[in-house]
Amino acid sequence: MAERIIYLDNAATSFPKPEIVHETVRDFYSQNGVNPGRTGCDLAINAEQMIHETRKQFSAFFNRSLIESGKEKDPNRLVFTMNATMSLNLIINGMIGPGDHVVTSMLEHNSVIRPVNHKVREGAEATYVVPDAEGYLDPEDIRKAIKRNTRLVIINHASNVTGVVQDLNSIGAICREEGVPFAVDTAQSAGVLPIDMTECHIDFLSFTGHKGLFGPTGTGGICVADDAEIRGTIYGGTGVRSAVPYHLEEYPYRLEAGTQNLAGIAGLNAGLTWVENKGLNTIYAHEMSLFEILQNGLSDIPGVTLWGTQNLDRRVATLSMTVNHYDASDVGTILDVDYGIQTRTGLHCAPLIHQHLGSVPRGTVRFSVGPFNTVEQIRTAIRAVAEIASDRP
Ligand SMILES: Cc1ncc(COP(=O)(O)O)c(C=O)c1O
């Protein structure tokens, strides 16, 4: 990484990745880079074993209380995908058909909004629950939105625009009471905040590998609760029982087809191991201590507007801001070109929350802190924004 770059775009993807992730990808792939499950040779068995170990590792990570109570979680219900987008498509397509109703929210990423809208075009119905002014959903509003034909509630845990974190326990309890399956998009929270599928009554947990879990891009998955039901919607080769004319119903094949991202899954395993060794609390505390400095520093600058909640609890270390008289994309360009500071600008693939906050059509400048950021970098970013803002008071 160039010395001068200050990377504050960890909500897009975490960067840099821990060195152990690079080493594991290189070593595992160079030594065992064959097609798992397709042959019986030692290398293929090693590859299959690594994938299975990673299924177990992630099943345990998202089901801590179940495992600690001595119960089992079927690791085959941890399926790998290419990213959160593919996971969310598999969940929505597998649960919703014409005439069904889905409850979601205005906070969602296009990886939920678009597949839901496609379902609506094919005859389904959707309700987008409106959060409060700070971006929090009232769990009772989710209950009110549930109807007789509701087949799924799907919301994100943490917003990629404002960092606001939703109350999964209460929403999950409501879904369980109402008998509606509950899906959660943890793209911005997995590896950052503890998430327990049992405590939160989550039926389908979608994750991406390349953000807080520090895996390579092109990795992600779904953890399906052992009592949840979903249709498979991709079909193809699995490497087993090739004579069967239809795709296999059993997990993991029900939601997986084709050759797996072996190098990516090896890296994902290393990424989660790194997170667990460091400790979620330690990583979160570091990110939030820097975030507090950032938020306080930016809010003191005349002409700077912060969008969404300024709470320090129930949030992750991501914020959205704009500078008076500046287009968000110009601020991002100046930060990049003049200061070497990487942020993200625009609508961040989540147009409805910008509508709700009033930051349309141009969107915001998003800062997102990661574990490798330092106090000095944050102070440099604040000084840079102050200089930009003083140019056009
Ligand atoms: C909340 C949220 N959901 C889904 C996604 C999509 O993730 P991926 O790029 O891994 O498909 C993102 C990516 O930024 C996100 O922030």
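Residues numbered from 1 in each chain as written. Predicted model: local features only at pLDDT ≥ 70, side-chain atom pairs only at ≥ 80, totals over all residues. Heavy atoms only, no water.

A word on the site of the ligand
- Around the ligand sit Asn83, Ala84, Thr85, His109, Ser111, Asn160, Asp185, Ala187, Gln188, Thr208, His210 and Lys211, and that is every residue in its neighbourhood.
- In the environment of the ligand, a nitrogen atom lies 2.6 Å from a nitrogen or oxygen atom belonging to the side chain of Asp185.
- Lys211 has a polar side-chain atom sitting 2.5 Å from an oxygen atom of the ligand.
- About the coverage of the ligand: the protein hides 90% of its 390 Å² of free accessible area.
- Among the residues forming the shell around the ligand, the class breakdown is two nonpolar, eight polar and two charged. (Near = heavy atom within 4 Å. Polar contact = N/O pair within 3.5 Å; in protein donor to acceptor, adjacent residues only side chain to side chain. Areas by Shrake-Rupley, 256 points an atom, 1.4 Å probe, with all protein chains shown as cover. Nonpolar A, V, L, I, M, F, W, Y, C, P; charged D, E, K, R; others polar.)

Thoughts on the domain arrangement of the chain
- The domain boundaries assigned to the chain delineate domain 1 (6–17 + 279–391) and domain 2 (19–278).
- Between domain 1 and domain 2, the C-alpha centre-to-centre distance is 27 Å.
- On the side of domain 2, 41 residues touch domain 1, which itself brings 39 residues to the contact.
- Taken over both partners, the interface formed by domain 1 and domain 2 buries close to 3200 Å², and the fraction arising from carbon and sulfur atoms is 61%.
- Sorting the residues of domain 1 by area buried against domain 2 places Lys17, Leu280 and Arg314 first, and these three jointly supply 23% of that buried surface.
- Linking domain 1 with domain 2 are zero salt bridges.
- Run the count over domain 1 and domain 2 and you get 24 residue pairs in polar contact (both at pLDDT 80 or more). (Domains from an automatic or database assignment. Contact = heavy atoms within 4.5 Å. Buried area = accessible area lost by both parts, 1.4 Å probe. Salt bridge = Lys/Arg side-chain N within 4 Å of Asp/Glu carboxyl O.)

What to know about the packing of aromatic side chains
- Overall, the coordinates contain seven aromatic pairs when judged by the stated rule.
- Between Phe58 and Phe207 the ring centres are 5.1 Å apart and the planes differ by 15°, which places this aromatic pair in the stacked class. Residue Phe58 is found in helix H2 (residues 42–61), and its partner Phe207 is found in strand S7 (residues 204–208); the two are separated by 149 residues along the sequence.
- Exposure remark for Phe58: the relative accessible area of 0% places this residue in the buried category.
- Residue classification places Phe207 among the buried positions, given a relative accessible area of 0%.
- Here Phe214 and Trp274 contribute two aromatic rings whose centre-to-centre distance is 5.0 Å and whose plane-to-plane angle is 65°, an arrangement assigned as edge-to-face. One end of the pair, Phe214, is in the loop between S7 and strand S8 (220–224); the other, Trp274, is in helix H8 (residues 262–278), and 60 residues separate them in sequence. This pair shows no difference in class: Phe214 is buried, exactly as Trp274 is.
- These aromatic residues form a ring-pair network of at least three members: Phe58, Phe61, Phe62 and Phe207. (Phe/Tyr/Trp six-rings, centres within 6.5 Å; stacked < 30°, edge-to-face > 60°. Helix = DSSP H or I, 4+ residues; strand = E, 2+ residues; numbered from the N terminus. Buried < 20%, exposed > 50% of the residue type's maximum accessible area, 1.4 Å probe, protein only.)

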